[in-house]
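# Structure assessment
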Amino acid sequence: MLIDSVKNQNSIHFQKTGRIIETHRAFIRPKIYLLIWLFVGLVMLIVWSIAVGSYDMSLFKILRTVLGLEEGPHKIVVWGIRMPRITAALITGCGLSLSGLATQSLLRNPLASPFTLGISQGAAFGAAFSIVFLGAAGMQQSALRSADANTFTFLNVYAVTFFAFLGAIAATLVILLLASLKKMSPESIILAGVALSSLFTSGTILIQYFATDVEIATVVFWTFGDVARSSWQEICLLGLVTMCVILYFIFHRWNLNALAAGDDSARGLGVEINRLRLAGMFLAALVAALATAFHGVIAFLGLLAPHIARRLAGSDHGLLIPFSCIVGSLLLLTADTLGRLLVSSGTLPVGVLTSFMGAPLFIYLLMKGLRR
């Protein structure tokens, strides 16, 4: 009788487990289909972005050029101008979105992003310092090696990139140091980021006060954001770092899910909260720092894309991470392509378009928080 009872209990347990697994699969299946459709849409957007511009190309010409069967101006346009720009937009959008998702999840605050934490402003301060005090700016025919820009250039783009990276990392280290030493709450960290952002912005304005007209224009142009200014080497470096950080957060997806339920619940499940938060914040800031150093300030993308992804995928980070990456790439590539099409004489800075997209969402989130 005892054996039969145990068998019945095991049978009931297996039936319940099977129903739970089936329910989970039924919930996941449409999300996977939606992710596939988003990826298909991204591929179509890439093709469209290659085709349109001041030099239009047919789908047949694009295919031949990609396969290496076309020479001359088609090859120059595709591989020399548009493909680096498109690849940079895809990787930068993915990296900034991932950084925003990670900071929002780790701090459990919907307003967290590289822009609101002062990371982008720190990079802008570092770039302004190198341009004005190290003489890394000058006048040439094109800007930042961008085929669509017109006036200003960097004589030493790597000096600007290096100091912009240092500025972004400095902002990150200050935030992490405050969080570690003062045991600040996630809400306090956001406030510290806002204060740090104001400090770096004031420093940038002070630097501009001592700058020449050319240097001021170059600093302002750098802050606009432009995915056309990086080379293949920089794009590959950013892509490698972004991929490694994606793998890290995917590996810790269950810890992030546990953290979403609260610090106490996460501790009860064995999550090392302080270690996860510090390491995750540093890696998220590293991606944002590189993206900002290479491509300038691209505001609000790290805030906008994760919220759209949550609407589509829910709160499970196993789905939320790939959704955020694809949505971020879609948004930034769309903004950059529209920027090339809206201004016939040049390129509308992509940072302007992302600010137009992200500012209304930021205000909405603030109002929603106030109503609570």
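Just so we're clear, the structure is a prediction, and the values are computed from it rather than from any experiment. Throughout this description, residue numbers start from 1 for each chain and increase along the sequence as written. Local features are withheld for residues below a pLDDT of 70 in this predicted model, meaning they are given only at 70 or higher, and side-chain atom pairs are given and counted only at 80 or more; totals for whole chains, interfaces and linings count all residues. Side-chain measures here rest on the full set of heavy atoms in the structure, leaving out hydrogens and waters.

The next point concerns the overall build of the chain. A count of helical and extended segments in the chain gives 14 helices and 2 strands. Excluding contacts between residues fewer than 6 apart, the proportion of contacts in the chain whose partners are at least 24 apart in sequence is 74%. Secondary structure elements are taken from DSSP: a helix is a run of H or I of four residues or more, a strand is a run of E of two residues or more, and numbering for both begins at the N terminus. The contact criterion used throughout is that any non-hydrogen atoms of two residues lie within 4.5 Å.

With that out of the way, let us pick up the packing of helix α4 (residues 119–133) against helix α6 (residues 186–209). Where α4 meets α6, the closest approach of the two axes is 8 Å, and the angle between their N-to-C directions is 15 degrees. In terms of orientation, α4 lies roughly parallel with respect to α6. Crossing geometry of α4 relative to α6 is assigned as left-handed. Facing Gln121, Gly122, Ala124, Phe125, Ala128, Phe129, Val132 and Phe133 of α4, the residues of α6 in contact are Ser197, Phe200, Thr201, Gly203, Thr204 and Ile207. Across the contact of α4 with α6, the residue classes break down as 8 nonpolar, 6 polar and no charged. Where helices are involved, their axes are fitted lines through C-alpha atoms of the stretch in contact, as for all axes, and angles between N-to-C directions lie from 0 to 180°. Any angle between 65 and 115 degrees counts as roughly perpendicular, while under 35 counts as roughly parallel, over 145 as roughly antiparallel, and the rest as oblique. Here a crossing is called left-handed whenever its near helix is offset anticlockwise from the far helix by less than a right angle, and right-handed whenever the offset is clockwise. Note on residue categories: nonpolar means Ala, Val, Leu, Ile, Met, Phe, Trp, Tyr, Cys or Pro, charged means Asp, Glu, Lys or Arg, and polar means any other residue, Gly included.

A separate point is the nonpolar core. Nonpolar core, defined: a set of buried Ala, Val, Leu, Ile, Met, Phe, Trp, Tyr and Cys residues in which side-chain atoms within 4.5 Å join the residues together. Burial here depends on accessible area, computed with a 1.4 Å probe over protein chains only, as a share of the maximum for the residue type. Under 20% is buried, over 50% is exposed, and the range in between is partly exposed. The biggest cluster of nonpolar side chains holds 97 residues, and the ones touching the most others in it are Trp222 and Phe249. When residues of this core are assigned to their parent elements, the largest contribution, 15 residues, is made by helix α3 (residues 73–107).

This next bit is on the pattern of salt bridges. Criterion for a salt bridge: a side-chain nitrogen of Lys or Arg within 4 Å of a carboxyl oxygen of Asp or Glu. According to the stated counting rule, one finds 4 salt bridges in the structure shown. The closest approach of N and O atoms between aspartate 264 and arginine 267, which form a salt bridge, is 3.5 Å. Of this pair, aspartate 264 and arginine 267 both sit in helix α10 (residues 263–268), 3 residues apart, roughly one helical turn. Using a relative accessible area of 64% as the deciding quantity, one classes aspartate 264 as exposed.

A separate point is the packing of aromatic side chains. Each aromatic pair joins two rings of Phe, Tyr and Trp (for Trp, the six-membered one) with centres within 6.5 Å, and gets the label stacked for planes under 30 degrees apart, edge-to-face for over 60, and tilted for any other angle. Applying the stated rule across the entire model yields 8 aromatic pairs. Aromatic pair phenylalanine 125 and phenylalanine 200: ring centres 5.7 Å apart, planes at 50 degrees, arrangement tilted. Placement of phenylalanine 125 in helix α4 and of phenylalanine 200 in helix α6 is noted, with a sequence separation of 75 residues between them. The exposure class assigned to phenylalanine 125 is partly exposed, which follows from its relative accessible area of 27%. Ring geometry for phenylalanine 162 versus phenylalanine 163: centroids 5.6 Å apart, planes at 85 degrees, classification edge-to-face. The exposure class of phenylalanine 162 is partly exposed, given its relative accessible area of 47%. Cluster of aromatic residues (ring-pair linked, three or more members): Phe129, Phe133, Phe162 and Phe163.

Attention shifts here to the environment of leucine 90. Of note, leucine 90 is situated in helix α3. Contact partners of leucine 90, with chain neighbours within four places excluded, come to Leu42, Ile46, Ser329 and Leu333.

Working note: non-glycine residues mostly have negative phi, and peptide bonds are mostly trans. Notably, arginine 108 is not glycine yet its phi reads approximately 55 degrees, a positive angle. Mapped onto the elements, arginine 108 comes out in the loop between α3 and α4. Notably, phenylalanine 300 is not glycine yet its phi reads approximately 70 degrees, a positive angle. The topology assignment puts phenylalanine 300 in the loop between α11 (273–295) and α12 (301–313).

Turning to α6, a few remarks are in order. One less than the residue count of a helix, multiplied by 1.5 Å, gives the span that helix is expected to have. A rise of 1.5 Å per residue sets the reference length of α6, with its 24 residues, at 34 Å; its end C-alpha atoms lie 35 Å apart and thus fit the reference within 8%. Of all the residues in α6, the buried ones are Pro186, Ile189, Ile190, Ala192, Gly193, Leu196, Ser197, Phe200, Gly203, Thr204 and Ile207.

The next thing to look at is the confidence of the model for the chain. For the chain, mean pLDDT is 80; residues scoring 70 or higher make up 82% of the total. Values of pLDDT, ranging from 0 to 100, describe the predictor's confidence in every residue of the model. Across residues 138–155 the pLDDT falls below 50, and counting only partners more than four positions away or on other chains, this stretch makes 59 contacts in the model.

A few words on the environment of proline 110. Along the chain, proline 110 turns up in the loop between α3 and α4. Classification of proline 110 by relative accessible area gives partly exposed; the value is 38%. In the structure, proline 110 is positioned 196 residues away from proline 306 in sequence and 9.2 Å away in space, judged by C-alpha atoms.

It is worth spelling out helix α7 (residues 213–224) at this point. The end-to-end C-alpha distance of α7, which contains 12 residues, comes to 17 Å, matching closely the 16 Å that a straight helix rising 1.5 Å per residue would cover. Inspection of α7 places Glu215, Thr218, Val219 and Trp222 among the buried residues, and these make up the whole buried set. Burial along α7 is one-sided: seen end-on, the buried residues are contained in an arc of 100 degrees. At the exit of α7 stands glycine 225, carrying a positive phi of roughly 90 degrees. Working definition: the arc comes from the directions between the helix axis and the C-beta atoms, pointing outward to the latter.

Quick look at a nonpolar patch on the surface now. The patch calculation keeps residues exceeding 30% relative accessible area without a salt bridge and links them within 9 Å when they carry like charges or within 5 Å when they are nonpolar (Val, Leu, Ile, Met, Phe, Trp, Tyr). Areas reported as accessible are Shrake-Rupley estimates using a 1.4 Å probe. Residue values count occlusion only from the protein chains shown. A surface patch of nonpolar side chains, amounting to about 660 Å² of accessible area, comprises Ile32, Tyr33, Ile36, Trp37, Val40 and Met44. Relative to the assigned elements, tyrosine 33 resides in helix α1 (residues 2–51).

The subject of this paragraph is the packing of helix α9 (residues 253–260) against α11. To characterise two packed helices, one gives the angle between the axes of the helices and the distance between these axes. Relative orientation of the contacting elements α9 and α11 amounts to 110 degrees, with a least axis distance of 11 Å. Judged by the angle between their axes, α9 and α11 are roughly perpendicular. Note on packing geometry: the crossing formed by α9 with α11 is left-handed. Within the contact between the two elements, α9 uses Asn255, Leu256 and Leu259 and α11 uses Ile273, Leu276 and Arg277. For the contact of α9 with α11, the residue count by class is 4 nonpolar, 1 polar and 1 charged.

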